[in-house]
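Examining the three-dimensional arrangement
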Amino acid sequence: MKIKTKLILSLIMLLFLHSCTKEEFEGPSIDILYGDFELIEPLTLTSKNPNFSNNEKVGFSCEFNKPVEWKITILGLSTNAKREITGLSNLIDPNVTKWNGAPSQLPFFQEEVCAIELTFENEIDTLRDTLTINSSKTFDDGIWVENFENGIPSEGIVYYKSDGGGMTFTLANDDPLLGSSYFKMGGRVNWDWALGSIDLPININNISQSSNEIYINIGILSDLVDLHLGQFINILISEETDTPFNDNANNNASDLFESTMEVYKMKVPVDWDGWQMKSFKYSDFEPLSPNDPNINFNMNPNDISAIRIACQACPSAGAQENCPENFGKDVRTDIDHIIFTSNSSLLDQ
Amino acid sequence: MKRSLLILVNFFVVLLSDFNVHAQGNENIWFDGLSRSYFVRDAIDKSTINDTLSPHNRSNGYNLLDLNTHVNPIKDIEIMAQLRIRNSFGSFFGSGTEINVRQLRAKGVINDKIRFSVGDLFLKQTKFTLFNYDEELSGYENEMLKPYRDIIHYENFYTQNRWRLQGIQTDFSFKFDRYIRNLSFDFFVTRPSGSSQINETTYSSDLLLSGGSIFSEISRKLTFSANYINLYEVAPSGTNNISVRNPVQGISLLHHFGNEKYRFEQSLQSGFSKRYWLYSELENGISDSTSNETKGMYFELNNKLFMKDSTLTLTGGYRYVDPNFRSSGAQTKRIDYAYTNGKTIYPRYTNMSLVRPTSLFDLISDEKLYNQDLSSTLMPFNPIYSNILTYGDATPNRSGVFMKARLTNKNKKYLAKLNGGLFKEVIGQGTAEKRNFGLFKGAVKINFHKWLNLKNELSFSFSSESELTKRGGDAVSSIDLYTHQLSMFVNAELAKNFFVQASFKQFNANGNEFLTQRNNFGNITYFTSVQEIDQKDHLLSAGILYKFRENVYASLNYSWWGAKFSDQPDYKYNRLLLILSLEL
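Residues numbered from 1 in each chain as written. Chains lettered and ligands numbered in written order. Predicted model: local features only at pLDDT ≥ 70, side-chain atom pairs only at ≥ 80, totals over all residues. Heavy atoms only, no water.

Observations regarding the domain arrangement of chain A
All names here are of chain A. Basically, it comes down to this: Residue ranges assigned to each domain were obtained from an automatic or database domain assignment. Two residues form a contact once any of their heavy atoms are found within 4.5 Å. Reported buried area values correspond to the accessible surface (1.4 Å probe) lost by two parts on association, with both partners' losses combined. By definition here, a salt bridge exists when the distance from a side-chain nitrogen of Lys or Arg to a carboxyl oxygen of Asp or Glu is within 4 Å. The term polar contact refers here to a pair of N or O atoms within 3.5 Å; inside protein, the definition further demands a hydrogen-donor-capable atom paired with an acceptor-capable atom, and it admits residues adjacent in sequence only when both atoms are side-chain atoms.
Examined at the domain level, chain A breaks down into domain 1 (32-132) and domain 2 (143-348). The straight-line distance from the C-alpha centre of domain 1 to that of domain 2 is 35 Å. With eight residues of domain 1 at the interface, the matching set in domain 2 holds seven residues. Taking both sides of the interface into account, the surface hidden between domain 1 and domain 2 amounts to around 660 Å²; carbon and sulfur atoms contribute 60%. Among the residues domain 1 hides against domain 2, the three largest losses belong to Gln 105, Leu 106 and Phe 108. Together they make up 68% of the total. Taken together, domain 1 and domain 2 are joined by one salt bridge. Residues Asp 348 and Arg 83 are paired through a salt bridge, measuring 2.9 Å at the closest nitrogen-oxygen approach. For the pair domain 1 and domain 2, the interface holds four residue pairs in polar contact (both at pLDDT 80 or more).

Looking at helix H2 (residues 146-155) of chain B
Helical geometry note: an α-helix holds 3.6 residues per turn, so side chains three or four residues apart project in the same direction. Heads up, the rule is: Only protein chains enter the accessibility calculation, which uses a 1.4 Å probe. A residue is then buried if its area is under 20% of the maximum for its type, exposed if over 50%, and partly exposed in between. Going along the chain from the N terminus, every DSSP run of H or I of four or more residues is numbered as a helix, and every run of E of two or more is numbered as a strand.
Listing the buried residues of H2(B) in full gives Pro147(B), Tyr148(B), Arg149(B), Ile151(B), Ile152(B) and Glu155(B). One or two residues past the end of H2(B) sits Phe157(B), with phi positive at roughly 60 degrees.

Quick notes on the sheet that holds strand S16 (residues 263-269) of chain A
All names here are of chain A. How we decide: Only when DSSP finds a minimum of two bridges between them are two strands counted as paired.
Reading across the sheet, the six strands line up as S9-S13-S19-S15-S16-S18 and stay open at both edges, with antiparallel pairing between neighbours. The open sheet has two free edges, formed respectively by strand S9 (157-160) and strand S18 (286-287), since each of these has just one partner strand. Pairing geometry for S16 and S18, over two bridges, is antiparallel. Pairing of Tyr 264 across the sheet is with Pro 287, part of S18.

What to know about the state of the cysteines
All names here are of chain A. As a reminder of what qualifies: When two cysteine sulfur atoms are found within 2.5 Å, that pair is recorded as a disulfide.
Enumeration according to the criterion identifies one disulfide over all chains in this entry. There is a disulfide in this structure between Cys 314 and Cys 323, and the S-S distance comes to 1.8 Å. Handedness of the Cys 314-Cys 323 disulfide follows from its S-S torsion of about 90 degrees: it is right-handed. Like Cys 314, the residue Cys 323 is buried in the burial classification. In this model Cys 62 remains outside any disulfide bridge; the closest cysteine sulfur is found in Cys 114, 19 Å from its own. By relative accessible area, which is 0% here, Cys 114 ends up buried.

Okay, here's the thing in structure tokens:
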């Protein structure tokens, strides 16, 4: 029995010695995490004169001794266009951290000199550089819905309350987002929510992306001059495939947005000054009639047949008076550059 | 699972109705269980806290009855169903009344040879494979706070350091007339958690735990056992193609000798663990792959001497647990610090509605802070309440010596307990420097009634528990944390079975530490520095207790409790507690 015991004991000791951990320490180094910040590699750019119109991208590289929250700010010195790229790491990899020439929000970058700053959370160090844009990015990579450059599409249907005051709902050329034309939507309808809308047919039945991968992008213009505080845009997207776009020619609207059809909606409050590019993932749209058991809301981008962009505002008088403080104020929700993109928003393409 | 439970319930209801008539004649149905009436009234000490947002005081309580129905349809089979009826105070006519099936189990013996259990199982193996370790600060609990502890344990199914699991278990044994004396086997398969919906399109996988033990009495003085346990996910039962695997194997030898006065036991145990995540790529036609694989081992040598008259027990030994040793069944904690924001008593305080930090009293009294689910990764912990053996004896990255002693005299005039240990990390965390740990716990109970030959009990208990953590090195990574819990308790039996009791507890923590952050695969990703730990918790209680008989008592007491912090507002609260507990 003693021999048995010794044998088993020896075996255990052998296993014990075999499997001792041999690493030096677990986890990241505390000395580095809590030590002084040090720059290991300086900030470098893969291109100082990018041609963004050719889809060129500028990669950034830098390395420091510990993981920190960093921020790269690119500022167009002529347009004041701005792009911020952030991260938490000890390495900025030019294959990962790239700029495509788009801003974080409008205005767009033009052919101009840009100042670049790399800053770090809780550190005083700032690294600076510059680049010159040889050709600016064109934002037409996607599936066009409308850019209004050739006027309002012939099959499009524009409707507005003609008895409102100062109703626009027409093409304009004074302040386009891109190109030379845009569509104005605004006016004054104190007694009702709806001011008007534009319905456009869409045919994208050859795309393979799912609703999670498709983004709808739309430029929206407003101003802060006597701003109506309850104005918004309602975007409806129809996947009705059995009904013609304009089945009833007498009702001033497309017939693809009935409550009995597979229609999705998105409400966009408009409360800013100037142009903004808004992007929405299609899967974030909500069903228009979610409780209708006869509609199969399966959201298939291939079936998208029409889009309605409606200008609405909270009524300030009459039976539906909800916002009396907005009485007499003009609504402005002008639009331009409506385009579908894949996998990311237009500015991140 | 719910559907299965319903089917089982219906099955047992039918069985019950069938056997009721039978039982009246043959006594094949018997009942036991527990009844409890619980009432608390909590109040803010306004002199300390500027809090006008919380009610000055609040009260709640409930009556509950857990009725265990045991049915023996035939001699070798027993079916047990625990039905809970719980009625919150202030509710009438069904509103606020809950009726639940709390436990269901069938057990029996097949052909007088193979035992089996199906349903709710309470499982335990060794301290390194499957073991439900006691919670923090509960080592030397005094009797005044025992009702709280009993409720926490009962409500969370903590029984004899076992995990409550649902599944099937069987065991059987053989006797031999040569080479070895006997050989026993025990196997089980359980499902700690089922597949559940995470979001619209994602479902988690079933988590299963299976294992087995072999136990053999090789001779009268030497026994051998081997244990195996595996926690694993069944990927096809969910939508994720990634599933955890955590097999642990262990063996142990127990040798003993002695004479009519003493007995000496030596045990030696060792084992291995492996944990990894399996990526199933069957749909893509690619072979499976693994990631985040860790392998570790443990080793413990334990020597125990005890006198057969029970006056002295002495234990000492050495333990090594590898930094990469991972055992879900043994390293899952009772207290879930990830959810300590959901405290029952005043979860927010001050006019800024701050989340109230956890205190000693919360750990003692709040059953909702406790966890019943096995975790495949190391759970977060609070170093001020336990920094040395955070995950019990299976705490990874520890090596060191330990000792325990229990001393009394034949008349039991006093009882003294000691518990100590000196441990060191096997490898450092975030630095090559290793933490050194010192654990010193002592408790003494003096039975004055035995010294003074009094008929009724008069006793005084005192305990002191300290933990010291130190790490050298440079100023950035060095650690010095000291925690201490002091406890005193007086128990005076004024009349037969009627006691007046008073208790005081104080907990201090001073120093600095680093909180470890881990990712979903249990790898350390960051160390959060906590430089100024300075916390002082207190709990003063006084009350009366009447024991009708063992496990049947009524207790009424009042507590003053609170905590002081260096970096956030202090707080103080009061509580009135009434419990009537009857074990049927």
